[in-house]
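Summary of structural features
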Amino acid sequence: MDPNRWRAFAVCLMAGFMTLLDVSVVNVALPSVQAGLRTSSSQLSWVVAGYTLTFGLALVPSGRLGDGFGRRRVFLLGVASFTVVSVVCGLSASGTWLVCARLAQGVAGGLLTPQVVGLMQQLFEGRERGTAAGLYGAMVAAATAVGPPVGGLLIQAAGSADGWRWVFFVNLPIGAVTLALGIRLLPRDRGHRRPARLDPVGVVLLGAGIAAIILPLIRAGGGQGPVPWPLLGFGPVLLACFVAWERNHGRRKGVPLVDLRLLRHRPYAIGFLIGVVYFAGYTGLVFVLSLYFQRGLGYSAFAAGAAGAPFPIGSSISAAVGGRAAYRFGRLLVAAGALTVVLALVTVGVLIHVHGRTPMWAVLAGPLLIAGMGSGLVIGPNLTLALQGVPAAQGGTAAAVLQTGQRIGSAFGLAVVGWSFLGTLAASHGDHRLAAGRGVFTSAAVVGAALLVSVGDMLGSARGRRRTRPVADGDRQAAIK
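As the structure is a computational prediction, the values presented were derived from the model and not from experiment. (Residues numbered from 1 in each chain as written. Predicted model: local features only at pLDDT ≥ 70, side-chain atom pairs only at ≥ 80, totals over all residues. Heavy atoms only, no water.)

Looking at a nonpolar patch on the surface
On the surface, Val 84, Val 88, Leu 91 and Trp 97 cluster together into a nonpolar patch covering about 360 Å² of accessible area. Mapped onto the elements, Trp 97 comes out in helix H4 (residues 95-123). (Patch = residues over 30% accessible without salt bridge, like charges linked within 9 Å, V, L, I, M, F, W, Y side chains within 5 Å. Areas by Shrake-Rupley, 256 points an atom, 1.4 Å probe, with all protein chains shown as cover. Salt bridge = Lys/Arg side-chain N within 4 Å of Asp/Glu carboxyl O. Helix = DSSP H or I, 4+ residues; strand = E, 2+ residues; numbered from the N terminus.)

Topic: the nonpolar core
Within the largest apolar cluster, 59 residues are counted, with the highest numbers of intra-cluster contacts made by Phe 9, Phe 75, Met 120, Tyr 136, Tyr 268, Leu 383 and Leu 387. Of all the secondary structure elements, the ones that give two or more residues to this core are helix H1 (5-37), helix H2 (41-69), helix H3 (71-90), H4, helix H5 (126-158), helix H8 (200-221), helix H14 (360-387) and helix H15 (395-427). For this core, the element with the most residues is H8, which contributes nine residues. When sequence neighbours within four positions are dropped, the list of residues in contact with Phe 75 reads Val 11, Cys 12, Ala 15, Leu 112, Gln 115, Val 116, Leu 119, Thr 178 and Leu 186. Judged by nonpolar contacts, the second largest core, of 46 residues, contains Ala 335, Ala 338, Ile 379 and Ala 436. (Core = buried A, V, L, I, M, F, W, Y, C linked by side-chain atoms within 4.5 Å. Buried < 20%, exposed > 50% of the residue type's maximum accessible area, 1.4 Å probe, protein only. Contact = heavy atoms within 4.5 Å.)

Section: the side chain of Ser 318
Considering the arrangement of structural elements, one finds Ser 318 in helix H12 (residues 310-329). Polar side-chain contacts of Ser 318 include one of 2.6 Å to the backbone oxygen of Met 373. (Polar contact = N/O pair within 3.5 Å; in protein donor to acceptor, adjacent residues only side chain to side chain.)

Side note on the packing of helix H10 (residues 266-296) against H14
The N-to-C vectors of H10 and H14 enclose an angle of 160°; their axes lie 10 Å apart at closest approach. Classified by the angle their axes make, H10 and H14 are roughly antiparallel. Note that H10 runs across H14; the crossing there is left-handed. Residues Pro 267, Tyr 268, Gly 271, Ile 274, Gly 275, Tyr 278, Phe 279, Tyr 282, Leu 289, Tyr 292 and Phe 293 of H10 form the contact with H14, whose participating residues are Met 360, Leu 364, Leu 368, Ser 375, Val 378, Ile 379, Asn 382, Leu 385, Ala 386 and Leu 387. Of the residues in the contact of H10 with H14, the class split is 17 nonpolar, four polar and no charged. (Axes fitted to C-alpha atoms, helices over the stretch in contact; angles between N-to-C directions. Parallel < 35°, antiparallel > 145°, perpendicular 65-115°, else oblique. Left-handed = near helix turned anticlockwise from the far one by under 90°. Nonpolar A, V, L, I, M, F, W, Y, C, P; charged D, E, K, R; others polar.)

Some points on the packing of aromatic side chains
The geometry of an aromatic ring pair comes down to the distance between the two centres and the angle between the two planes. Taken as a whole and judged by the stated rule, the model has eleven aromatic pairs. The interplanar angle of 45° and the centroid separation of 5.7 Å between the aromatic rings of Tyr 282 and Phe 311 together place this pair among those described as tilted. Of the two residues, Tyr 282 is situated in helix H10 and Phe 311 in helix H12; the sequence distance between them amounts to 29 residues. Each of the two residues, Tyr 282 as well as Phe 311, counts as buried. Put simply, the rings of Tyr 278, Phe 279, Tyr 282 and Phe 311 touch in pairs and so form one group of aromatic residues. Over the aromatic face of Phe 69 sits the side chain of Arg 73, whose NZ or CZ is 5.2 Å from the ring centroid. (Phe/Tyr/Trp six-rings, centres within 6.5 Å; stacked < 30°, edge-to-face > 60°. Lys NZ or Arg CZ within 6 Å of the ring centre and 35° of its normal.)

What about the confidence of the model for the protein?
Summary statistics for the protein give a mean pLDDT of 84 and a share of 92% for residues scoring 70 or more. Considering only residues more than four positions removed or in separate chains, one finds that residues 471-481, a stretch of pLDDT under 50, has zero contacts. (pLDDT = per-residue confidence, 0-100.)

Side note on the environment of Leu 263
Relative to the helices and strands, Leu 263 resides in the loop between helix H9 (229-253) and H10. With 124 residues separating them along the chain, Leu 263 and Met 139 place their C-alpha atoms 27 Å apart. If sequence neighbours within four positions are ignored, Leu 263 has contacts with Tyr 268 and Ala 269.

Here we look at the side chain of Thr 283
By the element assignment, Thr 283 lies in helix H10. A polar contact is formed between the side chain of Thr 283 and the backbone oxygen of Phe 279, at a distance of 2.8 Å. Contact partners of Thr 283, with chain neighbours within four places excluded, come to Ser 410 and Leu 414.

This is how it looks when you write it as structure tokens:
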């Protein structure tokens, strides 16, 4: 095994942290962007939605590219591209410029992200891989926790007119250090392979299907109409066409964009489904709390980020050990984590409704910390279990498919939980307490669906073991005789 594997993985985590930090920081900076560039509401929406869309579209082709061309090469290209485009975002002179730069930044982030998990699969085996997956989950939580306070501090330091620019410029030193360390520490790609053909028809069908699903959900989650709901009906049709094409393409040429046999591997398929559903509830919760703290309670961007920080802090603590523990407890650990999140979120929703004179951040800190610790037992272990039987050679593509599902789940969560919050807010004529409570309850219900998937998988596995046990017993008796 590579003696530098842990240092190399630290470089991967730095890159992943940079891409995720950019999401949470930019959300806080939107008022500053509007003040500095005088953007329209539509442009402001696309600053967030454009990144999400192109990021999701780039994941699977990028994962396939890394598996075929070399993960180190694609990783370094992604880091360099993301860093350069971040600077371009910071130099934007108009809303249109910023939107176009954010679209390009999403592509760069999508190029980079699958390589992180692909390299994890390549560098580690067994329980070490579980430990690495736990650290990956802790990094996701840490980036979520750090982003809002960092964004608030940057904006306060540089002023509301230009503070948003430093939200992007901060990626320059992070990217430069990551690139230099990556060149030095990442394992060299074996041989000088030429990139495998990316199957352009498959890329177009998959991209169109994902876009048809994500675009209406993004518009609905942002509370801005009109929402192109007819597109949502075309999404599953295009994805079905993609599956049919990939099966035929694999039989004829043997190099599909996605090896569909991955989805016939039960742990991977269950992990994919849990990721989609859980990230819907997870993302919806972050959205609701951010709006409630800032609009409902009048917190500043920094204070809102600090008030919501117990959730990602708890997640980073438990995720660091959860990935390794997954090998011992299996899907039970994921189910226990999801149950903890559901119970804690129900408590949060109740406390919002019955809130008295105690500051809300103090009232919610404990339940949010517990919810976060449950969350850490879902994300890292689910990733470990899903990728456990996946060959290292397919690690990038497998990770990209999982992450694409998470992006779709996030968009779905923003639409459903956002609709619950914003719809209640409109119907109640601005009652933020009522709207936030319902939004949190909706998020808990969505996480509850992930819990049901986990429990169903455990029950199905138990039935399967009972059916095979008589055969195993007979074999043992025959061996004894």
